[in-house]
Amino acid sequence: MTTDKNSQISKFYKRSLKERREILKSWMNDPAELDQTLDQGLTTAQADPMIENVIGIYSLPFGIATNFLINGKDYLIPMVIEEPSVVAAASNAAKLIRAGGGFTTRSDEPIMIGQIQILDVPDINKAIERIKTAEKQLMAMVDAIAGSIVKRGGGARGIETRVIPNTLNGDLLIVHLLYDTRDAMGANAINTAVEHIAPEIETLTSGRVNLKILSNLSDRRKAYAEGIVPAGELAQEKENLTGVQVVDSIVEASVFAECDPYRATTHNKGIMNGIDAVVMATGNDWRAIEAGAHAYAARHGHYTSLTQWRKTENGDLQGRIELPMAIGTVGGATRVHPTAQLAMKILGIDAARELSEVIAAVGLAQNLAAIRALATTGIQHGHMRMHARQLAIAAGASPEMIGRVVEAMIKANNIRLEYAKTLVAQGEQSG
Ligand code: NDP
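Treat the numbers as computed from the prediction; the structure is a model and nothing was measured.

**Structural notes on the overall build of the protein chain**
Right, on to step 1. When you go through the protein chain residue by residue, the secondary structure sums to 16 helices and 10 strands.
Right, on to step 2. Principal-axis analysis of the C-alpha atoms places the extent of the protein chain at approximately 80 × 55 × 50 Å.
Right, on to step 3. Counting every position in the protein chain, which comprises 431 residues, the buried fraction comes to 48%.
Right, on to step 4. Taking all contacts inside the protein chain whose residues are at least 6 apart in sequence as the whole, residues at least 24 apart take part in 72%.
Right, on to step 5. Total accessible area computed for the protein chain in this model is approximately 21400 Å², and 51% of it derives from carbon and sulfur atoms.
Right, on to step 6. Across the protein chain, the 44 positively charged side chains and the 48 negatively charged ones have centroids separated by 3 Å.

Written out as C-alpha cells, the structure is:
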C-alpha cells in the first residue's frame, strides 16, 4: 500500500514549534482544533472524573518522530516522553530502515486471556474433562453478555485449562478464556466475561473459584516488526568505521543482550522508551504493555532481549522484534483524552492491530538507534548535549540564552548544574 504522504520531512527538528504544527496540519485529514488541543490538553474538568482525588493536570512534552515507512505507508509518530534524545533517535533509526525499504510488520488476532483460579477441586482430571465438554456452552455464555464486540466479529475463541503444582494448598486448576477484543485493549470485557462464567466453572469442577481477571501476558496478541539497514548507511566516516564494521558491532551488541539478563534489561528499557511514548500519546495503558513485554522477554525461563539483529547474506543489517501488544483504539483514555485523540488523528489509525504494528516498529527503531550509538561512539556524546540543555533550563537560562550556555558547558567539558548557574549569572550580567 502506498500513500501520497511522505513522513521524511527535511530538517523537521530545525523548524520552530509553530512551523512543525503547520506541517502537521497539512499532513492531517482533519487538523481542526490542533492548536487548541495542543495548547490546552486535558482540562481539569475532564481529568476530575478520570481518577480519584484529582487536584490538577501533570503535563509532558508531545513530540513527533519522522521518517517511518511501515508496510509501504508513511506515518508521523506521536510520542509523549520526558526523556531527551528519544524522539530524535527514533526518527534517525527510522530513516536508516527506510533506506532498506522500510518496516515490515504483522500482528496476531487481538486475542486476550482471562484467567479463573479454581481451588479445592476434588478430581482435577474429571474437572478438566467436564470443562472441555462444556467449552461451547461457556463460550456462548460469554458471547451472550458481550456488547458490540461480538457484532464486530470478536468474542470468545476458546477455553483452555492448566494445572499448576502447588504444595501450599493443593494443585491449582486454572481456566483460560481466550477472547477476541477487536479494537479494545479489552480489560473490561474480559473481566466481565470471566466473572460471568465463574459460577458455572464452580459447578462444573465442584471446586471453589478465587481470582477472575485478565492476564497481562497477552502472548496470543503479539505484534512483529522487521527491517533491513543497508550496511553502507551505517558507515561513520568521522570515527573511521565502515558500514560492515558497524553491522558486526551491532550484531555483537544484540548477542550480548540475547545472552545476558543484565544487558537485556537495559536493551529492553531502550525499546520501551519508544513503545511507551507512543502508548502514552495514544492514551493506552503503558503499565499493561510494560508488564506484558517483560514477562514475554522471560518466557523461556531466562530474561532475554525483545529484538535480534543479524547480518544478511548481502552483509546488511537485519533486525526483528516480537512482543505482546494489548493496545486499543477505543476505550480507556483513548476516547476521553483530547490529546490522545489528536495523536490517533496524526497516526490516521482506527484499527488496534495497525496501531500495535506501528508501535512494534517504533520499538525496533528505538533499539537500533541505541545499540548503533553504543556500538560506535557511545551514547554519552549525544546525551550530554541534551543533558546540558536540561541543566541550562534548570539553571534558569532564558530561551535565548540556552544555546550559548550549552555550548559553553560542552566547550569547558563541565556539564554540571553549578557551572550552568555560573554561566547563566554571567550571561545575565553581560546581557
Ligand atoms: P473500555 O471498556 O472503556 O472500552 C472497550 C469497549 O468499547 C468494548 O468492550 C466495547 O464495548 C466498546 N467498543 C466500541 N467499539 C469497539 C471496537 N471497534 N472494538 C472493540 N470494542 C469496541 O476499555 P477496555 O475494556 O479496552 O479497557 C481498557 C482499560 O482497562 C485501560 O484503561 C486499562 O487501564 C484498564 N484496566 C486494565 C487492567 C489490566 O491491565 N490488568 C485491569 C482493569 C482495567 P461494548 O461491547 O459494550 O460495546
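The rest of the description comes next.
**A closer look at the nonpolar core**
Right, on to step 1. Ranked by internal contacts, the top residues of the largest apolar core, which has 58 residues, are Phe 68 and Ile 77.
Right, on to step 2. By residue number, the principal contributor to this core is helix H13 (residues 352-374), which donates 11 residues.
Right, on to step 3. In this structure, Ile 77 is in contact with Gly 63, Ile 64, Ala 65, Phe 68, Val 278, Leu 347, Val 358 and Val 362, ignoring residues within four places of it in sequence.
Right, on to step 4. Judged by nonpolar contacts, the second largest core, of 32 residues, contains Val 175, Ala 198, Leu 204 and Ala 326.

**With respect to the site of the ligand**
Right, on to step 1. Around the ligand sit 21 residues, and of these Ser 148, Gly 186, Asn 188, Asn 216 and Asp 285 come closest.
Right, on to step 2. Asn 188 is positioned with one of its side-chain polar atoms (N or O) 2.9 Å from an oxygen atom of the ligand.
Right, on to step 3. One of the backbone nitrogen or oxygen atoms of Gly 332 is found 3.0 Å away from an oxygen atom of the ligand.
Right, on to step 4. Protein chains bury 68% of the 940 Å² of accessible surface belonging to the ligand in isolation.
Right, on to step 5. Breaking the shell around the ligand down by element, the ones donating at least two residues are helix H7 (148-151) and helix H8 (187-205).
Right, on to step 6. It is H8 that contributes the most residues to the shell around the ligand, four residues altogether.
Right, on to step 7. Considering only residue class, the shell around the ligand consists of eight nonpolar, nine polar and four charged.
Right, on to step 8. Residues lining the shell around the ligand come from more than one domain, with at least three contributed by each of domain 1 (12-107 + 222-377) and domain 2 (111-215).

**Some thoughts on unusual backbone geometry**
Negative phi characterises most residues that are not glycine, and trans characterises most peptide bonds.
Right, on to step 1. You will see that Asp 120, though not glycine, has its phi angle at about 55°, which is positive.
Right, on to step 2. Within the secondary structure, Asp 120 is located in the loop between strand S4 (111-119) and helix H5 (124-133).
Right, on to step 3. A positive phi angle, near 60°, is found at Asn 240, a position not held by glycine.
Right, on to step 4. Mapped onto the secondary structure, Asn 240 falls in the loop between strand S8 (222-229) and helix H9 (243-259).
Right, on to step 5. Judged by its relative accessible area of 68%, Asn 240 falls in the exposed class.

**A short note on the packing of aromatic side chains**
Right, on to step 1. Taken as a whole, this structure holds one aromatic pair when the rule is applied.
Right, on to step 2. Their ring planes at 5° and their centres at 5.4 Å tell us that Phe 68 and Phe 103 sit as a pair that is stacked. One end of the pair, Phe 68, is in strand S1 (residues 62-70); the other, Phe 103, is in the loop between helix H4 (86-99) and strand S3 (104-107), and 35 residues separate them in sequence.
Right, on to step 3. Taking relative accessible area as the criterion, Phe 68 reaches 0% and is therefore assigned buried.
Right, on to step 4. Lying over the aromatic face of Tyr 224, Arg 106 brings its terminal NZ or CZ to 3.8 Å of the ring centre.
Right, on to step 5. The ring of Trp 286 has Arg 287 sitting right over it, with the charged end atom 5.2 Å from the ring centre.

**Some details on the packing of helix H6 (residues 135-145) against H8**
Right, on to step 1. Where H6 contacts H8, the two axes come as close as 9 Å, and the packing angle between them is 150°. With respect to H8, the element H6 is oriented roughly antiparallel. Crossing of H6 over H8 shows right-handed handedness. Taking contact as the criterion, the partners of Gln 137, Leu 138, Met 141, Val 142 and Ile 145 in H6 are, on H8, Thr 192, Ala 193, His 196, Ile 197, Glu 200, Ile 201 and Leu 204.
Right, on to step 2. Split into classes, the residues belonging to the contact of H6 with H8 amount to eight nonpolar, three polar and one charged.

**Concerning the sheet that holds strand S9 (residues 307-311)**
Right, on to step 1. The four strands are arranged S3-S8-S10-S9 in an open sheet whose pairing can be described as antiparallel. Edge positions in the sheet fall to S3 and S9, since each has one partner strand and no second. Pairwise comparison of adjacent strand axes, ignoring direction, gives a mean angle of 10° for this sheet.
Right, on to step 2. Pairing geometry for S9 and strand S10 (residues 317-324), over five bridges, is antiparallel. Paired with Trp 309 across the bridge in S10 is Gly 319.

**Brief notes about the side chain of Ser 356**
Right, on to step 1. Positionally, Ser 356 belongs in helix H13.
Right, on to step 2. With near-sequence residues (within four places) excluded, Ser 356 lies in contact with Ser 107, Ala 223, Met 325 and Ile 327.

**Some words on helix H1 (residues 17-27)**
Right, on to step 1. By the burial criterion, the buried members of H1 are Arg 21, Ile 23, Leu 24 and Trp 27. All buried residues of H1 project into a common sector of 160° when viewed along the axis, lining one side. When the buried face of H1 is taken as reference, the exposed residues oriented beyond 90 degrees from it are Lys 18 and Ser 26.
Right, on to step 2. The elements touched by buried residues of H1 are helix H2 (34-40), S1, strand S2 (73-80) and helix H12 (338-347).

**Thoughts on the domain arrangement of the protein chain**
Interface size is often expressed as the accessible area that is lost when the parts come together.
Right, on to step 1. Each domain of the protein chain was delimited in the assignment, giving domain 1 (12-107 + 222-377), domain 2 (111-215) and domain 3 (382-430).
Right, on to step 2. With centres defined by C-alpha atoms, the gap from domain 2 to domain 3 works out at 58 Å.

**Thoughts on the pairing of S10**
Right, on to step 1. Of all eight residues in S10, six are buried; the element is thus mostly enclosed.
Right, on to step 2. Inspection of the sheet shows S8 paired to S10 by eight bridges, in the antiparallel sense. Within S10, the residue paired with Glu 226 across the bridge is Arg 320.
Right, on to step 3. If you look at the hairpin formed by S9 and S10, you'll find five residues sitting between the two strands, and Gly 315 has a positive phi there, around 90°.

Quick notes on the rules
- Residues numbered from 1 in each chain as written.
- Predicted model: local features only at pLDDT ≥ 70, side-chain atom pairs only at ≥ 80, totals over all residues.
- Heavy atoms only, no water.
- Helix = DSSP H or I, 4+ residues; strand = E, 2+ residues; numbered from the N terminus.
- Buried < 20%, exposed > 50% of the residue type's maximum accessible area, 1.4 Å probe, protein only.
- Contact = heavy atoms within 4.5 Å.
- Areas by Shrake-Rupley, 256 points an atom, 1.4 Å probe, with all protein chains shown as cover.
- Lys, Arg positive; Asp, Glu negative; His and termini not counted.
- Charge placed at Lys NZ, Arg CZ, Asp CG, Glu CD.
- Core = buried A, V, L, I, M, F, W, Y, C linked by side-chain atoms within 4.5 Å.
- Near = heavy atom within 4 Å.
- Polar contact = N/O pair within 3.5 Å; in protein donor to acceptor, adjacent residues only side chain to side chain.
- Nonpolar A, V, L, I, M, F, W, Y, C, P; charged D, E, K, R; others polar.
- Domains from an automatic or database assignment.
- Phe/Tyr/Trp six-rings, centres within 6.5 Å; stacked < 30°, edge-to-face > 60°.
- Lys NZ or Arg CZ within 6 Å of the ring centre and 35° of its normal.
- Axes fitted to C-alpha atoms, helices over the stretch in contact; angles between N-to-C directions.
- Parallel < 35°, antiparallel > 145°, perpendicular 65-115°, else oblique.
- Left-handed = near helix turned anticlockwise from the far one by under 90°.
- Pairing = 2+ DSSP bridges.
- Arc of directions from axis to C-beta.

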